[in-house]
Amino acid sequence: MRTPRTATDWVHCSVDGRNVRVAAGSSVAAALACGGDGLARTSVSGQPRAPLCGMGICQECRLSVNGQMRLACQIVCENGMHIQTGIAAPTP
Ligand code: FES
């Protein structure tokens, strides 16, 4: 990925209500790292969880993107995207 130089090279989204700017093509996991503490959720025992594998295997990066539970490492940021961390996944 080349270094962003123009306004179109950037994507603006929100992470837990904070405005975050990331390079176009960045993952939601990258937005977490750029715009906050990098954490995606907490475990059932309350331990903080953050993206680990970066390839959709570990499920540690589950969070809400525009109201849908998604994997942060598998989603590319889009303008206006609302990312919310710390939401427990629905139990089956
Ligand atoms: S970081 Fe492992 S599934 Fe996303």
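Above this text sits the structure in question.
About the criteria used
- Residues numbered from 1 in each chain as written.
- Predicted model: local features only at pLDDT ≥ 70, side-chain atom pairs only at ≥ 80, totals over all residues.
- Heavy atoms only, no water.
- Salt bridge = Lys/Arg side-chain N within 4 Å of Asp/Glu carboxyl O.
- Helix = DSSP H or I, 4+ residues; strand = E, 2+ residues; numbered from the N terminus.
- Buried < 20%, exposed > 50% of the residue type's maximum accessible area, 1.4 Å probe, protein only.
- Polar contact = N/O pair within 3.5 Å; in protein donor to acceptor, adjacent residues only side chain to side chain.
- Contact = heavy atoms within 4.5 Å.

## Some details on the pattern of salt bridges
As enumerated under the stated definition, the model contains two salt bridges in all. Glu60 is the partner of Arg41 in a salt bridge, and the nearest nitrogen-oxygen pair spans 2.8 Å. Pair noted here: Arg41 is in strand E3 (residues 41–42) and Glu60 is in the loop between strand E4 (48–49) and strand E5 (62–65), with a separation of 19 residues, a long-range link. A relative accessible area of 17% places Glu60 in the buried class. Within the structure, one salt-bridge network assembled from shared partners comprises Arg41, Arg49 and Glu60.

## Looking at the side chain of Ser64
With respect to the element layout, Ser64 can be found in strand E5. Reaching out from Ser64, the side chain makes a polar contact with the backbone nitrogen of Gly67 at a distance of 3.4 Å. Discounting chain neighbours no more than four positions away, the residues touching Ser64 are Met69, His82, Ile83, Gln84 and Ile87.

Purely geometric stuff here, so don't read any function into it on its own.
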